[in-house]
Number of protein chains: 2
Amino acid sequence: MVMHYPNGQPYRTKQLSLKKSPYPTATLYGNRGMTLEEEINESNQYYLKQGIAVIHKKPIPIQIVNVDYPKRSAAVIKEAYFKQPSTTDYNGVYKGHYLDFEAKETKNLTAFPLANFHAHQIEHMKACQKQGGICFTILRFTSLKEVFLMPASLLFQYWDNQQANNGRKSIPYEIIKKQCAHITYQLQPKIPYLTYVDKLLEQIL
Amino acid sequence: MVMHYPNGQPYRTKQLSLKKSPYPTATLYGNRGMTLEEEINESNQYYLKQGIAVIHKKPIPIQIVNVDYPKRSAAVIKEAYFKQPSTTDYNGVYKGHYLDFEAKETKNLTAFPLANFHAHQIEHMKACQKQGGICFTILRFTSLKEVFLMPASLLFQYWDNQQANNGRKSIPYEIIKKQCAHITYQLQPKIPYLTYVDKLLEQIL
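Each chain carries its own residue numbering, running from 1 in the written order of its sequence. Starting at A for chains and at 1 for ligands, labels are handed out in the order in which the entities are written. pLDDT decides what is reported in this predicted model: residues at 70 or higher carry local features, side-chain atom pairs at 80 or more are listed and counted, and totals for whole chains, interfaces and linings draw on all residues regardless. Side-chain descriptors were evaluated using all non-hydrogen atoms of the structure, hydrogens and water having been removed beforehand.

## Quick word on the UniProt feature "binding site: Mg(2+)" (unreviewed entry) in chain A
Filter applied, for reference: UniProt positions are given in the numbering used here, feature names are shortened, and annotations may be inferred rather than shown by experiment. A simple rule labels every residue: compare its accessible area, found with a 1.4 Å probe on the protein chains alone, to the largest value its type can have, and call it buried under 20%, exposed over 50%, or partly exposed in between. Residue contacts are counted whenever heavy atoms from the two residues lie within 4.5 Å of one another. Two N or O atoms count as a polar contact when they lie within 3.5 Å, although within protein this holds only if one can serve as hydrogen donor and the other as acceptor, and sequence-adjacent residues are included solely when both atoms are side-chain atoms. In DSSP terms, a helix is any run of H or I states spanning at least four residues, a strand is any run of E spanning at least two, and both are numbered starting from the N terminus.
Within this numbering scheme, the UniProt entry marks Thr87(A), Asp89(A), Glu102(A) and Gln121(A) as carrying the feature "binding site: Mg(2+)" (unreviewed entry). A stretch of 35 residues holds the annotated residues, and the largest C-alpha distance among them is 9.2 Å, short enough that they meet in one place. Owing to a relative accessible area of 6%, Thr87(A) belongs among the buried residues under this scheme. Apart from residues no more than four positions distant in its own chain, Thr87(A) is found in contact with Lys58(A), Glu102(A), His120(A), Gln121(A), His124(A) and His56(B). Within the structure, the side chain of Thr87(A) is placed 3.0 Å from the side chain of Lys58(A), a separation counted as a polar contact. Tracing the chain through its elements places Asp89(A) in the loop between strand 3 (76-82) and strand 4 (90-94). Setting aside chain neighbours within four positions, we find Asp89(A) in contact with Glu37(A), His56(A), Lys57(A), Lys58(A), Phe101(A) and Glu102(A).

## Section: the interface of chain B and chain A
It is common to report an interface's size as the accessible area lost on association of the parts. Formally: Accessible area that two parts lose when put together, evaluated with a 1.4 Å probe and summed over both, is termed the buried area. The salt bridge criterion pairs a side-chain nitrogen of Lys or Arg with a carboxyl oxygen of Asp or Glu, the two atoms within 4 Å. Here the rule is simple: two strands pair whenever DSSP picks up at least two bridges between them.
Across the contact, 54 residues belong to chain B and 52 residues belong to chain A. Taken together, the two surfaces of chain B and chain A that pack against each other cover about 4200 Å², and 61% of this comes from carbon and sulfur. At the boundary of chain B and chain A, one finds zero salt bridges. Across the chain B-chain A interface, the total number found is 11 residue pairs in polar contact (both at pLDDT 80 or more). Of all elements in the fold, only strand 1 (54-57), strand 2 (62-68), strand 3 (76-82), strand 4 (90-94) and helix 4 (119-130) of chain B reach the threshold of two or more residues within the side of chain B that touches chain A. Of the strand pairs in this sheet, strand 3 of chain A and strand 3 of chain B are connected by four bridges, and their pairing is antiparallel. Within strand 3 of chain B, the residue paired with Val76(A) across the bridge is Tyr81(B).

## Re the pairing of strand 4 of chain A
All names here are of chain A. Along strand 4, five of the five residues are buried, which leaves the element largely enclosed by surrounding structure. Side chains Tyr90, Gly92 and Tyr94 of strand 4 all project onto a buried face; the interleaved residues Asn91 and Val93 project onto the opposite face, where all are buried too. Bridge analysis of strand 4 against strand 5 (residues 97-106) gives five bridges, and the strand direction is antiparallel. Looking at strand 5, one finds that Val93 is bridged to Tyr98. What sits between the antiparallel neighbours strand 4 and strand 5 is a turn of two residues, in which Lys95 has the positive phi angle 50 degrees.

## A closer look at the UniProt feature "site: Transition state stabilizer" (unreviewed entry) in chain A
Residue and element names in this part refer to chain A. According to UniProt, the positions carrying the feature "site: Transition state stabilizer" (unreviewed entry) are Lys104. Topologically, Lys104 is positioned in strand 5. Take Lys104: its relative accessible area is 8%, and that puts it in the buried class.

## A short note on the environment of Phe136(A)
Residues and elements named next belong to chain A. Relative to the assigned elements, Phe136 resides in strand 7 (residues 134-141). Under the relative-accessibility criterion, Phe136 is labelled buried at 0%. Counting along the chain gives 18 residues from Phe136 to Leu154, while the straight-line C-alpha distance between them is 9.1 Å. Beyond its immediate sequence surroundings of up to four residues, Phe136 is in contact with Leu99, Asp100, Phe101, Glu102, Met125, Leu149, Met150, Pro151, Ala152, Tyr193, Val197 and Leu200.

As structure tokens, this is what we get:
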């Protein structure tokens, strides 16, 4: 019996998520982000209700293989697989701007590993930015309990350097602390990231 | 054995989709839109590759109930249900603008039934428009083989009138022909809707 969060996400015990897995790491990184995601979803609900912004998390992409259509009840998906998403998790519109971002967590204390990102996510953010979209990452150092809004430009810089020059595989915490906005938790919305997007807009525009 | 499109959508035979169904109509309207959706997806791929715009169809929201984690292979979703989406199907960024739209088909010859839309989709488009997003519907009269880009304003007008005054339950074809952009099919992209979004932007901005 697998337990679930109200949003349908399977609840995985600590033991399970820490266990070394034979699967691609993508899924596990996703799990680590769960709690941050929930906080962001809640914040987005607040922003939506207040008429401040319309930002949604995209549904998890799934490859459906087998569906049952029972006569008197809803269709049941009997076999399906998780697919690699081709975009970031969140997007929406705020003050006329297209926002596009990822939410990522790390247990690392000194740096944010680039392995948290996939090439297609970076490509997607670059493409969005070219169209005038505002791209960033909300990242949390779980152990430090610190949340930052990292502009895509910083991520691209480290990502491209890693790709081109076999450069470092993570962004140092010290750099993040200096160059990213430190998000302070609030009561409502919990993660008031749009306040920091405003600052980002001031710099970009 | 259920057959599938390459994108994982179950392939339903004509017989099955025409059969009167005991389920809420939402699913069936979705099926009707399949081919138009595929054409739009293809057009979006073209726009993406050419660096013209970044527009994606959102994955189908699913409520996952049971997942199997076999030891040496990918996780299998064993039980899941289709959820009512809380937004429109498509969004993305184009020339600095947030675009948000639905794709809908009808077999009706004389009018486009408002039953093709759900209240939450209209609410979502209204909220996006308030934030400066560009909202519209790509609609096809299947039998007439005609595709239109309908600005959200026209949809809102008929929707609100239906709600408030128990007004007509569809938008007449003649009105659509007069007030919407008639999209001409092309080789690439098949549905060059961004050309018509340009015209919409000229009117709005």
